[in-house]
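# Fold and contact review
Below are the chains, spelled out letter by letter.
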Amino acid sequence: MMTTMKIYTKSGDQGDTQLIGRRVKKSNDRVEAYGTVDELNSQLGLALTAIKNEEFADMYRDGLRIQHELFDLGGDLANVTGKADWSLQEEAVLNLERRIDVYWDEAPPIERFILPGGEEASAHLHICRTVARRAERAVVHVAETEEVPPQAIRYLNRLSDFFFAAARAVNVRREQEDIYYERGKNVFK
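Residues numbered from 1 in each chain as written. Predicted model: local features only at pLDDT ≥ 70, side-chain atom pairs only at ≥ 80, totals over all residues. Heavy atoms only, no water.

## Regarding the overall build of the protein chain
- Tallying secondary structure elements over the protein chain gives five helices and four strands in all.
- Listed by position from the N terminus, the elements making up the protein chain come as β-β-α-α-α-β-α-α-β.
- When each of the 189 residues of the protein chain is scored for burial, the buried share is 42%.
- Sequence separation of 24 or more characterises 77% of the internal contacts of the protein chain that already satisfy a separation of 6 or more.
- With an accessible surface of roughly 11,000 Å², the protein chain has 52% of that area assigned to carbon and sulfur atoms. (Helix = DSSP H or I, 4+ residues; strand = E, 2+ residues; numbered from the N terminus. Buried < 20%, exposed > 50% of the residue type's maximum accessible area, 1.4 Å probe, protein only. Contact = heavy atoms within 4.5 Å. Areas by Shrake-Rupley, 256 points an atom, 1.4 Å probe, with all protein chains shown as cover.)

Below, the structure is given as structure tokens:
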């Protein structure tokens, strides 16, 4: 008879959890940071269901790569041993920059703020953008007092830009115009 592992361990029933190197309360800032990265990964998984076709094959491949990078980042953020061999590498930041440029060039220039939305996939990507910004703020907060991967903040900053550029590219590919903020003035010149 095969023994199966149970999903529940009961080790966190008192409100603590295991990092790589020590146990902490689940309210710990580092747990909040990697939990937000995990939430972003889940939101991205949902967004990918909306672009899982040939028209968005490039974005889908980018999204899968990013999901793996977010797992790497989450593991890095959970590492408090002081002997960090970071999984998230600088190449991930550079790759995001290259992909941002590709998607940004697909959309017309903007001069005013736009509202999140348009096509369903675009709306999902905008949610990813805002969760990426929250993850970035959480990691910045941890970095004020503890070591984090040196490229973590830059990666999350670029990632939110990536989602913005990809959301606009989705709308262009679907011939859906951006929705401009009505009371906005020209701010991008």
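On we go from here.
## What to know about the side chain of Gln151
- Inspection of the secondary structure puts Gln151 in the loop between α4 (120-143) and α5 (152-173).
- The residues contacting Gln151, other than those within four sequence positions of it, are Trp86, Leu88, Gln89, Glu90 and Val93.

## Quick look at the environment of Arg168
- Structurally, Arg168 can be placed in helix α5.
- With a relative accessible area of 1%, Arg168 lands in the buried category.
- Between the C-alpha atoms of Arg168 and Trp104, which are 64 residues apart in sequence, the distance is 7.6 Å.
- What Arg168 contacts, discounting residues up to four positions off in sequence, is Trp104, Ala107, Pro108, Ile110, Ile114 and Asp178.
- Side-chain polar atoms of Arg168 contact the backbone oxygen of Pro108, separated by 2.8 Å. (Polar contact = N/O pair within 3.5 Å; in protein donor to acceptor, adjacent residues only side chain to side chain.)

## Some words on the nonpolar core
- Grouped together as the largest cluster of nonpolar side chains are 40 residues, with contacts concentrated most on Leu40, Tyr155, Leu159, Phe162 and Phe163.
- Among the elements of the structure, α1 (29-50), α2 (57-77), α3 (90-106), α4 and α5 are those that each provide at least two residues to this core.
- By residue number, the principal contributor to this core is α5, which donates eleven residues.
- Each residue touching Phe163, except ones within four places of it in the same chain, is listed here: Leu40, Leu44, Leu125, Cys128, Arg129 and Ala132. (Core = buried A, V, L, I, M, F, W, Y, C linked by side-chain atoms within 4.5 Å.)

## Considering the pattern of salt bridges
- In this structure the tally under the stated criterion is 16 salt bridges.
- Taking the shortest distance from any N to any O, the salt bridge between Arg158 and Glu97 comes out at 2.8 Å. You can see Arg158 sitting in helix α5 and its partner Glu97 sitting in helix α3, a full 61 residues away along the chain.
- Residue classification places Glu97 among the partly exposed positions, given a relative accessible area of 27%. (Salt bridge = Lys/Arg side-chain N within 4 Å of Asp/Glu carboxyl O.)

## Side note on empty space enclosed by the protein
- Evaluation of the coordinates by the stated rule reveals one cavity of 30 Å³ or more.
- Of the voids in this model, the largest cavity is the one considered here, and its volume is about 30 Å³.
- Lining the largest cavity are Leu44, Ile51, Met59, Gly63, Leu125, Phe162, Phe163 and Ala166.
- Put simply, the parts of the chain that give the lining of the largest cavity at least two residues each are α2 and α5.
- If you tally residues by element for the lining of the largest cavity, the top one is α5, at three residues.
- Its residues assigned to classes, the lining of the largest cavity comprises seven nonpolar, one polar and no charged. (1 Å grid on protein atoms, 1.4 Å probe; cavity = no way out; pocket = protein on both sides within 12 Å on 5 of 7 lines; lining within 4 Å. Points joined across faces, edges and corners; volume = space filled by probe spheres on them. Nonpolar A, V, L, I, M, F, W, Y, C, P; charged D, E, K, R; others polar.)

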